[in-house]
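Breakdown of the fold
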Amino acid sequence: MGAMAHFSFLFVVMLLSMTHSVANQNEKWWSETIPYKMGKEKMTKLHFYFHDNITGDHPTAFKIAEAPGSNISATRFGELYMADDPLTEGPDPNSRLVGRAQGVYGLSGMNELSLIMGISLVFTGNKKFNGSTISVFTRNPITRKEREFTIVGGTGYFRFAHGFINAKTLRSGNKNAIVEYNCTIVHY
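Note that the structure is predicted; figures quoted are calculated from it, not measured.

A few words on the overall build of the protein. In terms of helices and strands, the protein carries one helix and nine strands. For the protein, the α and β elements follow one another from N to C terminus as α-β-β-β-β-β-β-β-β-β. Contacts spanning at least 24 positions in sequence make up 48% of the contacts within the protein whose residues lie at least 6 apart. In the form shown here, the protein has an accessible surface area of approximately 12100 Å², with 60% of it arising from carbon and sulfur atoms.

Structure, rendered in structure tokens:
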């Protein structure tokens, strides 16, 4: 009788698991792929100033990690920072706020002072762009006065964005910088 009860129990468990797996196979977590028309592409140009402050009374970026040896590296290779930097209409830090640069950047060059940046530029400066973002994932050789960044995506008004940013350092020192951004954004 004990063996029969054990066999019956195993049979019921096996039957239930088969029923469960068949039911899961009929559930879809995706939809059919169909043609999609995006509409007409637009190009928007934006001009503003990025303020990165690691030191001072009101820092906007903080070191969150470092690799062993970062403190003896000439390029601080391996340091990682989290940022919530202001974006302003003019180069003066007290000029009108148009958004925030939120994300991470790390010192990525062993022989050249450069960053790898993954940031979202979150716009708050006017009704048209409020809450919209552009996503930037790029290399930033910060010792060069002028450089170009890649726009890899966007949300809201800038949905499906791609494009580039021409960046020009206006001031830097004591780990703080003011950088002029000229953005060319292609979106739908």
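So, next bit.
On to the nonpolar core, then. Ranked by size, the top nonpolar core spans 31 residues in total, and within it F48, L121, F123, I134 and Y181 carry the most contacts. Elements that contribute at least two residues to this core include exactly β1 (42-53), β3 (80-88), β4 (97-107), β5 (115-123), β6 (133-140), β7 (146-155), β8 (162-173) and β9 (176-187). Y181 has contacts with L46, H47, F48, F50, M117, I119, L121, F149, I165, N166 and A167, leaving out every residue within four places of it along the chain.

Going through the model one piece at a time under the given rule, you end up with eight salt bridges. Note that R96 and E89 form a salt bridge whose closest N and O atoms lie 3.3 Å from each other. Judged by relative accessible area, which is 42%, R96 ranks as partly exposed. Within this structure, K63, E66, R76 and E79 form a network of salt bridges that share partners.

Before going further, it helps to examine the layout of surface pockets. Roughly 420 Å³ of volume is contained in the largest pocket. For the largest pocket, the lining is made up of 24 residues, of which D52, L115, I142, K175 and A177 are closest to its centre. At the level of elements, β1, β4, β5, β7, β8 and β9 are the ones that each hand at least two residues to the lining of the largest pocket. For the lining of the largest pocket, the residue count by class is 13 nonpolar, seven polar and four charged.

Further remarks concern the packing of aromatic side chains. Within a pair of aromatic rings, the relevant descriptors are the distance that separates the centres and the angle that separates the planes. Tallying each qualifying case throughout the model produces ten aromatic pairs. Aromatic pair F50 and Y181: ring centres 5.3 Å apart, planes at 5°, arrangement stacked. In this pair, F50 is assigned in strand β1 and Y181 in strand β9, connecting sequence segments 131 residues apart. Taken as a pair, F50 and Y181 share a single burial class, namely buried. When the centroid spacing of 6.3 Å and the interplanar angle of 85° are considered together, the rings of F160 and Y188 count as edge-to-face. Of this pair, F160 sits in the loop between β7 and β8 while Y188 is found in the segment after β9, placing the two residues 28 residues apart along the sequence. The exposure class of F160 is partly exposed, given its relative accessible area of 46%. A residue is classified by how much of its surface remains accessible, and Y188, at 29% relative accessible area, is partly exposed. Aromatic rings pair up to connect F48, F50, F123, F129, F149, Y157, F158 and Y181 into one cluster. The side chain of K28 reaches across the aromatic face of W30, ending 4.8 Å from its centre. The ring of Y157 has K42 lying over it, and the distance from NZ or CZ to the ring centre is 5.1 Å.

What counts and what doesn't
- Residues numbered from 1 in each chain as written.
- Predicted model: local features only at pLDDT ≥ 70, side-chain atom pairs only at ≥ 80, totals over all residues.
- Heavy atoms only, no water.
- Helix = DSSP H or I, 4+ residues; strand = E, 2+ residues; numbered from the N terminus.
- Contact = heavy atoms within 4.5 Å.
- Areas by Shrake-Rupley, 256 points an atom, 1.4 Å probe, with all protein chains shown as cover.
- Core = buried A, V, L, I, M, F, W, Y, C linked by side-chain atoms within 4.5 Å.
- Buried < 20%, exposed > 50% of the residue type's maximum accessible area, 1.4 Å probe, protein only.
- Salt bridge = Lys/Arg side-chain N within 4 Å of Asp/Glu carboxyl O.
- 1 Å grid on protein atoms, 1.4 Å probe; cavity = no way out; pocket = protein on both sides within 12 Å on 5 of 7 lines; lining within 4 Å.
- Points joined across faces, edges and corners; volume = space filled by probe spheres on them.
- Nonpolar A, V, L, I, M, F, W, Y, C, P; charged D, E, K, R; others polar.
- Phe/Tyr/Trp six-rings, centres within 6.5 Å; stacked < 30°, edge-to-face > 60°.
- Lys NZ or Arg CZ within 6 Å of the ring centre and 35° of its normal.

Note that every value here comes from positions in space, so none of it alone points to a role or purpose.
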